[in-house]
Amino acid sequence: MPAAPGRPEADVIVVGAGLAGLVAARQLVAARRSVLVLEARDRVGGRTANASIGAGKVTEMGGQWVGPTQDRVLALASELGVETFPTHHEGRNLLELRGRLRRYKGTIPRLAPHVLLDIDRARRKVRRAARRVPPDAPWTAPKANELDSQTLATWIRKAARTKKARSLLEIATGTVMGTGTAELSALWMLSYVNSAGSFDALIDVEGGAQQDRFVGGSQLISQRLAAELGDDLAVSAPVRRIAQDGGGLEVEADGIQARAQRVIVTAPPPLAARISFTPSLGGRRDQLTQRMAHGALTKCAAVYPEPFWRDQGLSGQAVSDGGPVATTFDNSPPDGTPGVLLGFIAGAEAIRHARRSEADRRRVVLECFQRLFGEQAAKPGIYLETAWAEEEWSRGGPVCSFAPGALVHCGEALRQPAGRIHWAGAETATVWCGYMEGAVRSGERAAEEVLDAEGWRL
Ligand SMILES: Cc1cc2nc3c(=O)[nH]c(=O)nc-3n(C[C@H](O)[C@H](O)[C@H](O)COP(=O)(O)OP(=O)(O)OC[C@H]3O[C@@H](n4cnc5c(N)ncnc54)[C@H](O)[C@@H]3O)c2cc1C
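Once a new chain begins, its residue numbering starts again from 1 and follows that chain's sequence as written. In keeping with the model being predicted, local features are shown solely for residues with a pLDDT of at least 70 and side-chain atom pairs are shown and tallied solely at 80 or more, while totals for entire chains, interfaces and linings include all residues. Each side-chain value is worked out from all heavy atoms of the structure, with water and hydrogens disregarded.

Draft legend 1. Inspection of the sheet that holds strand β6 (residues 92–97) at higher detail. Note: two strands are recorded as paired if DSSP finds a minimum of 2 bridges between them. To qualify as a helix, a DSSP run of H or I must reach at least 4 residues; to qualify as a strand, a run of E must reach at least 2; elements of each kind are numbered from the N terminus. With mixed pairing, seven strands are arranged side by side in an open sheet as β7-β6-β16-β17-β18-β15-β19. A single partner strand is all that each edge strand has here, and the edge strands are β7 (100–104) and β19 (382–387). Mean inter-strand twist for the sheet, computed between neighbouring axes without regard to direction, equals 20°. The pairing of strand β15 (residues 297–304) with strand β18 (residues 339–346) spans eight bridges and is antiparallel. Counted as the bridge partner of Leu297 is Ala346 from β18. Lines fitted to the C-alpha atoms define the axes, with helices restricted to the stretch that makes contact. Angles between their N-to-C directions range from 0 to 180 degrees.

Draft legend 2. Quick look at the site of the ligand. By convention in these notes, a residue is near a molecule or strand provided one of its non-hydrogen atoms lies within 4 Å of it. Every one of the 34 residues lining the ligand counts as a neighbour, but Glu39, Arg47, Ala426, Gly434 and Met436 are closest to it. Here a polar contact is taken to be a pair of N or O atoms separated by no more than 3.5 Å, where protein atoms must pair a possible hydrogen donor with a possible acceptor and residues adjacent in sequence count only if both atoms sit in side chains. In this structure, Arg47 approaches the ligand through a main-chain N or O atom, which is 2.8 Å from an oxygen atom. Gly434 has a polar backbone atom sitting 2.8 Å from an oxygen atom of the ligand. In the complex, 98% of the free accessible area of the ligand, which totals 1000 Å², lies under the protein chains. Counting only elements with at least two residues in the shell around the ligand, the list comes to α1 (19–30) and α16 (436–454). For this scheme, ten residues count as nonpolar: Ala, Val, Leu, Ile, Met, Phe, Trp, Tyr, Cys and Pro. Four count as charged, namely Asp, Glu, Lys and Arg, and the remainder, Gly too, count as polar. Its residues assigned to classes, the shell around the ligand shows 20 nonpolar, 11 polar and three charged. Computed with the Shrake-Rupley method and a 1.4 Å probe, the accessible areas treat only the protein chains shown as cover for residues.

Draft legend 3. Structural context of the packing of aromatic side chains. Pairing of aromatic side chains here covers Phe, Tyr and the six-membered ring of Trp, requires ring centres within 6.5 Å, and sorts the geometry by plane angle: under 30 degrees stacked, over 60 edge-to-face, intermediate tilted. The tally for this structure, following the rule as stated, stands at 12 aromatic pairs. Look at Trp65 and Phe344: their rings are 6.1 Å apart centre to centre, the planes differ by 50°, and that puts the pair in the tilted class. Here Trp65, found in the loop between β4 (58–60) and α2 (71–79), pairs with Phe344, found in strand β18; they are 279 residues apart in sequence, far enough to count as distant. Put simply, the rings of Trp188, Tyr192, Phe402, Trp432 and Tyr435 pair up and form one aromatic cluster. Positioned above the aromatic ring of Trp423, the side-chain terminus of Arg285 is 3.6 Å from the ring centre. Two conditions define a charge located above a ring, namely a distance within 6 Å from the ring centre to NZ of Lys or CZ of Arg, and an angle within 35 degrees of the ring normal. When the ring centre of Trp65 is taken as origin, the NZ or CZ atom of Lys299, which lies over that ring, is 5.7 Å away.

Draft legend 4. Examining the environment of Ala346 more closely. Examined against the element boundaries, Ala346 turns out to sit in strand β18. To sort residues, take the accessible area from a 1.4 Å probe on protein chains only and compare it with the maximum for the residue type: under 20% means buried, over 50% means exposed, and anything in between is partly exposed. A relative accessible area of 16% means that Ala346 is categorised as buried. For the pair Ala346 and Gly174, spaced 172 residues apart in the sequence, the C-alpha separation amounts to 5.5 Å. If sequence neighbours within four positions are ignored, Ala346 has contacts with Gly174, Thr175, Gly178, Ala296 and Leu297. Any two residues having at least one pair of non-hydrogen atoms within 4.5 Å are treated as being in contact.

Draft legend 5. View of helix α11 (residues 283–291). Taken residue by residue, α11 has Arg285, Leu288 and Thr289 as its buried positions. Angular distribution of buried residues about the axis of α11 spans 90°; they occupy a single face of the element. In α11, the exposed positions angled more than 90 degrees off the buried face are occupied by Gly283 and Gln290. Looking at the packing, one finds that the buried side of α11 touches α10 (269–272), β14 (292–294), β20 (400–402), α15 (407–410) and β21 (421–423). By definition, the arc is the one covered by directions from the helix axis to the C-beta atoms.

Draft legend 6. Spatial organisation of the state of the cysteines. A pair of sulfur atoms, both from cysteines and within 2.5 Å, is called a disulfide here. A complete count under the given rule lists zero disulfides for this structure. The structure places no disulfide on Cys300, whose sulfur is separated from the nearest cysteine sulfur, that of Cys368, by 8.7 Å. Here Cys400 is not disulfide-linked; the sulfur of Cys433 is the nearest cysteine sulfur, at 9.5 Å. Among the residues examined, Cys400 registers a relative accessible area of 0% and is labelled buried.

Draft legend 7. Up close: the pairing of β7. For β6 and β7, the ladder comprises five bridges, and the chain directions are antiparallel. Residue pairing in the sheet places Leu95 in a bridge with Arg102 of β7. Remark: two residues form the turn of the hairpin made by β6 and β7, two consecutive strands paired antiparallel; Arg98 in that turn has positive phi of roughly 45°.

Draft legend 8. Representation of the environment of Ala49. Structurally, Ala49 is set in the loop between β2 (35–38) and β3 (50–52). Through-space distance from the C-alpha of Ala49 to that of Gln219 is 5.4 Å; in sequence the pair is 170 residues apart. Leave out the neighbours within four places in its chain, and Ala49 touches Arg43, Thr59, Glu60, Met61, Gly62, Gln219 and Trp388.

Draft legend 9. Spotlight on the pairing of β6. With five of its six residues buried, β6 lies for the most part within the structure. Sheet analysis places β6 next to strand β16 (residues 314–320), joined by four bridges and oriented parallel. When the sheet's bridge partners are listed, Glu96 is paired in β16 with Ser320.

Draft legend 10. Inspection of helix α5 (residues 152–159) at higher detail. Within the span of α5, buried status applies to Leu152, Ala153, Trp155, Ile156 and Ala159. Along α5, the residues classed as buried sweep out an arc of 160° about the axis, all on the same side.

Draft legend 11. Summary view of the layout of surface pockets. Taken as a whole, the second largest pocket holds about 480 Å³ of empty space. Forming the walls of the second largest pocket are 24 residues, and the residues nearest its centre are Glu170, Ile171, Ala326, Ala346 and Glu349. A total of five residues in the lining of the second largest pocket trace back to one element, the largest contributor, which is helix α6 (residues 163–177). Of the residues assigned to the lining of the second largest pocket, the class counts are eight nonpolar, 10 polar and six charged. With a 1 Å grid laid over protein atoms only, a set of points is called a cavity when a 1.4 Å probe fits there but cannot get out and a pocket when it is open yet has protein on both sides within 12 Å along at least five of seven lines; lining residues have an atom within 4 Å of a point. Grid points are joined across faces, edges and corners, and a volume is the space filled by probe spheres set on the points.

This is the structure we're talking about:
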């Protein structure tokens, strides 16, 4: 197999050119180490992806929002000259529950008082329970075994008494995790919530994870990082095999064979498991990757000449149990033209949706938009859809989660290096796990780990 063009050897090989990999590489270069980043796709950015909506403008089909306390990704963007702008959320939100459409202001819809009380009680329970689960070691939490042995659905059934409150919590979790509450460990979800600070931080626009967006789209950050790396990055180079011996590592990607002293793998755990490792990584790491599954999130974008819903006093945000679209947002560019309506389809609905023909997929999504926002939503100029579960090099999104019963036994292997192999990626983060912020922090942490392990400090 031919050597990597011009660089058959590097101090560190980084697998994956999403935010985690590009940040790790940047930090190592800053410490004057040689790096080679190998990316499977023909583009950088991983789970962030810009899509053109004409006139040089973009909308995002992957990760996009940032919010308060996401300091590392915000600092990085600012260094790279990528600015932020507030998410449009003025106006009334919509809630469609069991066929009834209501308008409301803020995060909590106007519902019967006993339902509102129930939602409030459930939120307080989540807050209290999450605070007791340390995201760097969830298995040390009080009652860790008990929490890990139940699904989030079971936990929610105890935390909320009314069907409406449960439905809302399930819709919120679906969009946040891309998966049904019956598939998740309650311990993992509580750890996830705590890593973000609170459940409200996960779901809110103002003051929460959806507060701001990046001008030019979130993928621009990765594109700028990649430009800094130049020839130290190869795309269309899926890594197939990593072999380590006493003297270092040999990494085989399509068309490239290279050696390094250390490797940082940033592919999400189920994807990392598809690489062949010699010697084997051992049972615990292997069991972990067999029990961490990606969510299934599909993002749909309809582009209209103007964001017509704003004239009707609507924010563009909706929550619905009518299916298949569970939540919507106004995703128009900073100047508000064209108007972009964004819809999320999550979990089982996303898997079902992917089996429809292209024409049917467009039709059912636009029917949802029409039900919520009226006739004008029926005929967008452009319709875009990305089903992350269908993406070969993600196989799901937005984040991988633990099935019940595995976190307490295998969780430690998520970050623990395997010899000279280090792990990064949003799932390995202990602050804003699963988010761009977490990805950036994980890349920084893995680079530090490598520098420490080799005594490569400047
Ligand atoms: C639909 C959606 C919406 C989201 N919304 C938000 C949001 O609003 N805000 C937010 O902060 N986060 C959001 N996220 C999550 C966020 O995008 C991710 O947490 C983050 O981008 C992950 O970065 P990463 O570098 O850890 O992983 P990735 O971006 O997945 O990067 C891993 C890279 O490894 C590559 N790879 C895989 N296998 C191999 C291999 N064998 N060889 C070489 N390369 C390989 C992949 O192609 C990929 O480029 C969203 C994600 C999705 C999918």
